[in-house]
Amino acid sequence: MFIQKRKYAKRIYADIIHSTSNCDGFNAKGILHPSISQQKQLYEQFYKMINIDPSSISYIEAHGTGTQVGDVVEGTSIAEFFCQGRETPLKLGSVKSNIGHTESVATLCGIAKLLVAFESGIIPPNEHFTSPNPNVKGLLNGQLQIEKNYQDEEYVALLHEIFSDDISGHLQRGHIILHENKDHVKSKTLFPGDKRPVWFVFTGMGSQ
């Protein structure tokens, strides 16, 4: 991933509006038991800094590790902070359902997923999602909605090739907001598969 100032960029996939991170500090139960209050504090500080209404966010790419405690903490904090005053469900997903947990580069994989969504106009769905976690109230009452009804085999294959080596260790959480680059308009044409004539041009001298 290459990040540079917009004025120097020749190709812009998205704008980074803001990013930040925080840490729970010492936790006797370990990293599998994150803090709801610390996660909500991160969101509150983040959106206060940039003066953006959290209810205007259309999609969140969550950490989504699939752990019993972690998903409940994350889902609860997201619903409590982002869903106040919303008229429509907040769309939620995690690329880990497609490619697993890539440890220290998990954030980059999530960003790559969103860039694909910006380019295609479709949020890639969560694989293997069948029923909501009964302990995440936001999923049960309709505040949160999991993206799950689209399949793009080429996209899944692409994500599998992003990172193949595990990198251990992650002590912090972060939050980043992206804005689609609407100046870039990309037209797409479906190739019908028809055979087309191919011309070959050769140049030579004498017996060549």
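Residues numbered from 1 in each chain as written. Predicted model: local features only at pLDDT ≥ 70, side-chain atom pairs only at ≥ 80, totals over all residues. Heavy atoms only, no water.

Caption draft 1: Highlighting the overall build of the protein chain. Along its length, the protein chain carries six helices and five strands. Taken from the N to the C terminus, the helices and strands of the protein chain come in the order β-α-β-α-β-α-α-α-β-α-β. For the protein chain, with 208 residues in total, the buried portion stands at 33%. A fraction of 78% describes how many contacts in the protein chain between residues 6 or more apart in sequence connect residues 24 or more apart. Roughly 14600 Å² of accessible area belongs to the protein chain as shown, and the carbon and sulfur atoms make up 53% of that amount. (Helix = DSSP H or I, 4+ residues; strand = E, 2+ residues; numbered from the N terminus. Buried < 20%, exposed > 50% of the residue type's maximum accessible area, 1.4 Å probe, protein only. Contact = heavy atoms within 4.5 Å. Areas by Shrake-Rupley, 256 points an atom, 1.4 Å probe, with all protein chains shown as cover.)

Caption draft 2: Inspection of the pattern of salt bridges at higher detail. Under the defined criterion, the tally for this structure stands at four salt bridges. As a salt-bridge pair, Arg6 and Asp15 come within 2.7 Å of each other at their nearest N and O atoms. A relative accessible area of 40% means that Arg6 is categorised as partly exposed. A salt bridge links Glu80 to Lys40, with the shortest nitrogen-to-oxygen separation between them at 3.0 Å. Here the residue Glu80 occupies a position in helix H2 (residues 68–82), and Lys40 occupies one in helix H1 (residues 36–50), the gap between them amounting to 40 residues. Residue classification places Glu80 among the partly exposed residues on the basis of a relative accessible area of 37%. Judged by relative accessible area, which is 22%, Lys40 ranks as partly exposed. (Salt bridge = Lys/Arg side-chain N within 4 Å of Asp/Glu carboxyl O.)

Caption draft 3: Local environment of the environment of Gly110. Residue placement: Gly110 occurs in helix H4 (residues 106–120). The exposure class assigned to Gly110 is buried, which follows from its relative accessible area of 7%. Taking the C-alpha atoms as reference points, Gly110 and Val95, 15 residues apart in sequence, are found 6.0 Å from one another.

Caption draft 4: Structural context of H2. The terminal C-alpha atoms of H2, which comprises 15 residues, lie 22 Å apart, in line with the 21 Å expected from a rise of 1.5 Å per residue. Among the 15 residues of H2, 11 are classified as buried, and the element is accordingly described as predominantly covered. Every buried residue of H2 is listed here: Gly70, Val72, Val73, Glu74, Gly75, Thr76, Ser77, Ile78, Ala79, Phe81 and Phe82. (Expected span 1.5 Å × (residues − 1).)

Caption draft 5: Representation of the side chain of Glu61. If you trace the backbone, Glu61 turns up in strand E2 (residues 59–61). A polar contact of 2.6 Å, which involves the side chain of Glu61, links it to the side chain of Tyr59. A polar contact is formed between the side chain of Glu61 and the backbone nitrogen of Val95, at a distance of 2.6 Å. (Polar contact = N/O pair within 3.5 Å; in protein donor to acceptor, adjacent residues only side chain to side chain.)

Caption draft 6: Expanded view of the packing of aromatic side chains. In this structure the tally under the stated criterion is six aromatic pairs. Ring centres of Tyr43 and Phe81 lie 5.7 Å apart, and the angle between their planes is 35 degrees; on these two criteria the pair is classed as tilted. Pair noted here: Tyr43 is in helix H1 and Phe81 is in helix H2, with a separation of 38 residues, a long-range link. Overall, the relative accessible area of 15% leaves Phe81 in the buried class. (Phe/Tyr/Trp six-rings, centres within 6.5 Å; stacked < 30°, edge-to-face > 60°.)

Caption draft 7: Just the packing of H1 against H2, in detail. The contact between H1 and H2 brings their axes to 9 Å, and the two run at 40 degrees. In terms of orientation, H1 lies oblique with respect to H2. Note that H1 runs across H2; the crossing there is right-handed. For the pair H1 and H2, contact is made by Ile36, Gln39, Lys40, Tyr43, Glu44 and Tyr47 and by Val73, Glu74, Thr76, Ser77, Ile78, Glu80, Phe81 and Phe82, respectively. (Axes fitted to C-alpha atoms, helices over the stretch in contact; angles between N-to-C directions. Parallel < 35°, antiparallel > 145°, perpendicular 65-115°, else oblique. Left-handed = near helix turned anticlockwise from the far one by under 90°.)

Caption draft 8: Structural detail: a nonpolar patch on the surface. On the surface, Met1, Ile3, Ile16 and Leu108 cluster together to form a nonpolar patch covering roughly 400 Å² of accessible area. Here Ile16 lies in strand E1 (residues 14–22). (Patch = residues over 30% accessible without salt bridge, like charges linked within 9 Å, V, L, I, M, F, W, Y side chains within 5 Å.)

Caption draft 9: The environment of Leu32, seen in detail. Tracing the chain through its elements places Leu32 in the loop between E1 and H1. Given the relative accessible area of 53%, Leu32 is considered exposed. Considered as a pair, Leu32 and Gln68 are 36 residues apart in the sequence and their alpha carbons are 8.8 Å apart. Apart from residues no more than four positions distant in its own chain, Leu32 is found in contact with Thr67, Val69 and Gly70.

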